[in-house]
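# Structural description and commentary
The residues making up each chain are set out below.
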Amino acid sequence: MQDDIATLRARDFWGSLVLTGLSLFFLWRTFDIPLWGENRAGVSSAQWYNSAAIVPLGIFSAMLVLSLILMVIAVRAGGARSALSRIGIGWDGAEALRFGAIAVILFFYIIGLVPRVDFIISSGLLITALTFGFYRGEPRRMILSALAVAICGAYALLRHLPQAEWRAHDDDVLALGIWLGLTLWAAMQAKGDRVLKALPVIAVVAPVLLVCAMAFGFRQNVPNRGGLIFAQIEYHYYVTLRPLWRP
Amino acid sequence: MDFVLTQLAGFGSAMSALIIDPLTYIYLIVSVFLGITFGALPGLTATLAVTILTGFFGNKVPLDYSLIALLGAYVGAIYGGSYPSILLNIPGTAASAATAMDGYPLAKAGRGGEALGLTTTASFIGTLIGTLALLIFVWLLLLLSQNIASPEKALLALFGILLSGTLMSEDLVVKGWISGLIGLAMAMVGLDPLLSEPRYTFDWSYMLSGFQVVPVLMGAFAVPQIMDGMRHMELGQVTELKGRIVPNLRQVRRYLPTISRSGVIGTGVGALPGVGEDVAGWVSYGVGKSVSREGDKFGKGSLEGLLSSETANNACIGGALIPLLVLGIPGSPPAAALMGAFKINNIIPGPTIDPEIILRVVAIMVLASLTMFVMGLFTARIFIKILQIPKVVFLPIVMVLTTIGSFSVGGGINDLYLMLGVGFVAYFMNLQKFPIAPLVIGVILGSLFDETFRRSLLISNGDLSVFVSRPVAAILLGLNLALIASQIPLAKRMFQRLKRKAVS
């Protein structure tokens, strides 16, 4: 309990430093907004009490004061002294690896894969990587899963950075290949484990159902409509299936 | 009397319109089932259920069905949290934390069926009490709120954020307030509501329209939950369910005073802006412990203890909808998600809300609680099976749901970047015990506060006395100041000295 409080106060010390810095930065940015009835292109802007800067000024000033109060509380409780110690950081190697692997997977999924790779493939890969990687808490599996998503995401991101290139399919093929490879590896490791055995089915069915419900049920936009698999589903839905009930 | 009859007639016609529509039942059954499932799975919360469904149903189906889906999930999820509390000793949602204190000992003593049955009944009655309060008080408050102008609205929004920050903080109150301020600061991004002056846009056109509510909600509630939940955890053995679930009437009648008291407490706590079901559960549990004849048995398997928290957390739902519908200030974190759904449907909760919508909300709440009651009594064993699914299986699916839901509301990739950014920040805030609910409430109320605060100053030509010259504004200003002063050590000491003097 004492250790928890010590960790918390050390983190509060870091937190208060970050918050103080952010408050000062945004206070400085706030002065870009006309406050005292300045003229812009010969037009007088509002009075101080109607300025767009007045509320943000209050918010960031209050945040600065509260950050300083938090810093005082943290320093008084010994947070500054233990800020760089093991207690202060409060994370061991295993937790850092777990967080790092998840952060890498989510980052490359959202930033690299979702905009550029077929949604079914990228989501299937995500489900396989997260479930296989974190199911038993084994560090090797976490690293392997994070690597699988990072390779696909980094390739898509670097190879097709501008939006004009998002329709290309080479990243879809790479992601599909790595997804299949990871699935096979997971199946080999399953050894009678029900969760890992069911994983390929879940990884395929869940994204297919969700994307089809969203696109055809709710008629909403879905990420990467021209993706390798979804484009085929969409084509056959409108050309082959839909004429059956709406000729 | 006329008022009551008019109310009942309006409620009757809203109810009959829902009952004759077959689609109502499909939405009700699916949403309540999903809600109970979300509540029953430890690691998923009621707020997450409402947030994710907002992404799916928010603006894609007619408002009536959207409301059925969201309210059904809300009612179901708050109730569903009781399953793991009773059978696993792990609260499914924060709202059910107090339930585990007595629920698990009861299940271990072979009274799990009885505990679940009574919990289901109490949750049902609790929801009805909250809904009744919603039907009655919302109208009285709506009449009063016609006199509420910009100064009162600004102070009320501030009060909601401060109160939420004060009551939702696990650690230091200052963290809750900082969290609220971060939310307010996020709401300042984009074109300002009065002069269309760009603020903190960094020359990025996406930022001109400000932060969208749904990606912020998804990021704040879903992403940290996924990041924190993805760890190996051996679920304890689910305690075998013994005894019949359907409760006998005599027992229900015996505990009716406890249920009624807890229902009233839950509704009252829910009506406080920004305070959620977990606080309602604990407050009611605390009151129950001090007034009950079997108070010494609380925590050791007392049915009264169990019912105190479970009735209150469900009653809180109706209470939380009162400030949301009357003032546009969410009464709890799931209500904040609900407000997001209203916003994307271009409905502005507050004094100008269409009264028909309130009546429909009440009718939906009654139907949702009835569906929850029937499902809880007759399909409990399905939910017990669902309890055994490991977190690492369903959380990745939740991530996919979150992504597609967030994308479809705004239709842009930038919303996903926003969701991820907010998610990482919220994860670290969680780690440092900064509550997330005040942040979300700050984001939602930020533009209201900004607009009404500046409008007040504009109409008074910058005269700050506009916040004290109106009676309601003066009271609200006093409440805000008292709330702040109550956390200042010097003021606390003075108050204690005064109290001691008064006693002696």
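Residues numbered from 1 in each chain as written. Chains lettered and ligands numbered in written order. Predicted model: local features only at pLDDT ≥ 70, side-chain atom pairs only at ≥ 80, totals over all residues.

### Brief notes about the overall build of chain B
Within chain B, the secondary structure is distributed over 22 helices and two strands. The C-alpha radius of gyration of chain B comes to 22 Å, within 12% of the 23 Å expected for a compact globule of 504 residues. For chain B, the residues scored as buried account for 60% of the 504 residues in total. Nonlocal contacts in chain B, meaning residues at least 24 apart in sequence, comprise 79% of its contacts between residues at least 6 apart. (Helix = DSSP H or I, 4+ residues; strand = E, 2+ residues; numbered from the N terminus. Rg over C-alpha atoms; globule rule 2.2 N^0.38 Å. Buried ≥ 20, exposed ≤ 12 C-beta atoms within 10 Å, placed from the backbone. Contact = placed C-beta atoms within 7 Å.)

### Structural notes on the overall build of chain A
Scanning chain A for helices and strands turns up nine helices and two strands. When the helices and strands of chain A are listed from N to C terminus, the series reads α-β-β-α-α-α-α-α-α-α-α. Here the C-alpha radius of gyration of chain A, 26 Å, is well above what a compact globule of 247 residues would show, namely 18 Å. Seen through its principal axes, chain A has C-alpha atoms that stretch 65 × 60 × 35 Å. Split into buried and exposed, the 247 residues of chain A put 38% on the buried side. Considering only intrachain contacts with a sequence separation of at least 6, the fraction spanning at least 24 residues in chain A is 71%.

### Structural notes on the interface of chain A and chain B
At the junction of the two partners, chain A supplies 53 residues and chain B supplies 45 residues. Contributing elements (two or more residues each) for the side of chain A that touches chain B: α1 (2-30), α2 (54-76), α4 (93-116), α5 (119-134) and α8 (194-217) of chain A. Considering each element in turn, the side of chain A that touches chain B owes the most residues, twelve residues, to α2 of chain A. Considered class by class, the residues forming the side of chain A that touches chain B number 39 nonpolar, nine polar and five charged. (Nonpolar A, V, L, I, M, F, W, Y, C, P; charged D, E, K, R; others polar.)

### Here's the deal with the domain arrangement of chain B
Interfaces are often described in size by the accessible area the parts lose on coming together. All names here are of chain B. Under the domain assignment used here, chain B contains domain 1 (2-145 + 152-233 + 240-459) and domain 2 (460-504). A straight line from the C-alpha centre of domain 1 to that of domain 2 covers 30 Å. At the interface, twelve residues of domain 1 touch 14 residues of domain 2. Only α7 (150-168) and α19 (437-459) provide two or more residues apiece to the side of domain 1 that touches domain 2. Broken down by element, the side of domain 1 that touches domain 2 gets its largest block of residues, eight residues, from α7. For the side of domain 1 that touches domain 2, the class distribution of residues is nine nonpolar, two polar and one charged. (Domains from an automatic or database assignment.)

### Focus on unusual backbone geometry
Even without glycine at this site, D203 of chain B takes up a positive phi of about 60 degrees. Its location among the elements puts D203 of chain B in the loop between β2 (198-199) and α9 (213-229).

### Points about α9 of chain B
Residues and elements named next belong to chain B. Between the first and last C-alpha of α9 there are 24 Å, a value that for 17 residues agrees with the 24 Å anticipated at 1.5 Å per step. Of all the bends found along α9, the most pronounced is centred on G219 and spans about 30 degrees. Counted residue by residue, α9 has 15 buried out of 17 residues, so it is predominantly covered. (Expected span 1.5 Å × (residues − 1). Bend = angle between axes of the 7 residues up to and from the residue.)

### Structural notes on the packing of helix α2 (residues 22-40) of chain B against helix α4 (residues 63-80) of chain B
Residues and elements named next belong to chain B. Viewed as axis vectors pointing N to C, α2 and α4 meet at an angle of 35 degrees, and their least axial separation amounts to 6 Å. Note that α2 runs across α4; the crossing there is right-handed. A class-by-class count of the residues in the contact of α2 with α4 yields 18 nonpolar, eight polar and no charged. (Axes fitted to C-alpha atoms, helices over the stretch in contact; angles between N-to-C directions. Left-handed = near helix turned anticlockwise from the far one by under 90°.)

### Quick word on the nonpolar core
The tendency in soluble globular proteins is for nonpolar side chains to be buried as a group. Residues I105 and V149 of chain A together with A49, L70 and V440 of chain B are the most contacted members of the largest nonpolar core, which totals 235 residues. No other element matches the 18 residues that helix α6 (residues 97-145) of chain B contributes to this core. Contact partners of V440 of chain B, with chain neighbours within four places excluded, come to G183, V216, L217, A220, P333 and A336 of chain B. (Core = buried A, V, L, I, M, F, W, Y, C linked by C-beta atoms within 7 Å.)

### Considerations on helix α18 (residues 413-431) of chain B
Between its first and last C-alpha, α18 of chain B extends 27 Å over 19 residues, near the 27 Å set by a 1.5 Å rise per residue. When α18 of chain B is considered as a whole, its buried residues turn out to be D415, L416, L418, M419, L420, V422, G423, A426, Y427 and M429 of chain B. Considering only its buried residues, α18 of chain B is in contact with α4 of chain A together with α8 (173-187), α9 and α17 (391-410) of chain B. A positive backbone phi angle near 60 degrees is found at K433 of chain B, which sits one or two residues after α18 of chain B.

### Describing the confidence of the model for chain B
All names here are of chain B. Scored by pLDDT, chain B comes out at a mean of 86, with 98% of its residues at no less than 70. The least confident element of chain B is helix α22 (residues 489-503), whose mean pLDDT is 80; the most confident is α8, at 94. This prediction of the complex comes with two scores: 0.86 for pTM and 0.91 for ipTM. (pLDDT = per-residue confidence, 0-100.)

### Overview of the packing of α5 of chain A against helix α7 (residues 170-190) of chain A
All names here are of chain A. Orientation of α5 relative to α7, taken along the N-to-C sense of each, is 30 degrees, at an axis distance of 9 Å. Taken together, α5 and α7 sit at an angle that is classed as roughly parallel. Between α5 and α7 lies a crossing whose hand is left-handed. Seen from α5, the contacting residues are I121, S122, G124, L125, T128, A129 and F132; seen from α7, they are D172, A175, L176, I178, W179, L182, T183 and A186. Residues of the contact of α5 with α7, tallied by class, amount to ten nonpolar, four polar and one charged. (Parallel < 35°, antiparallel > 145°, perpendicular 65-115°, else oblique.)

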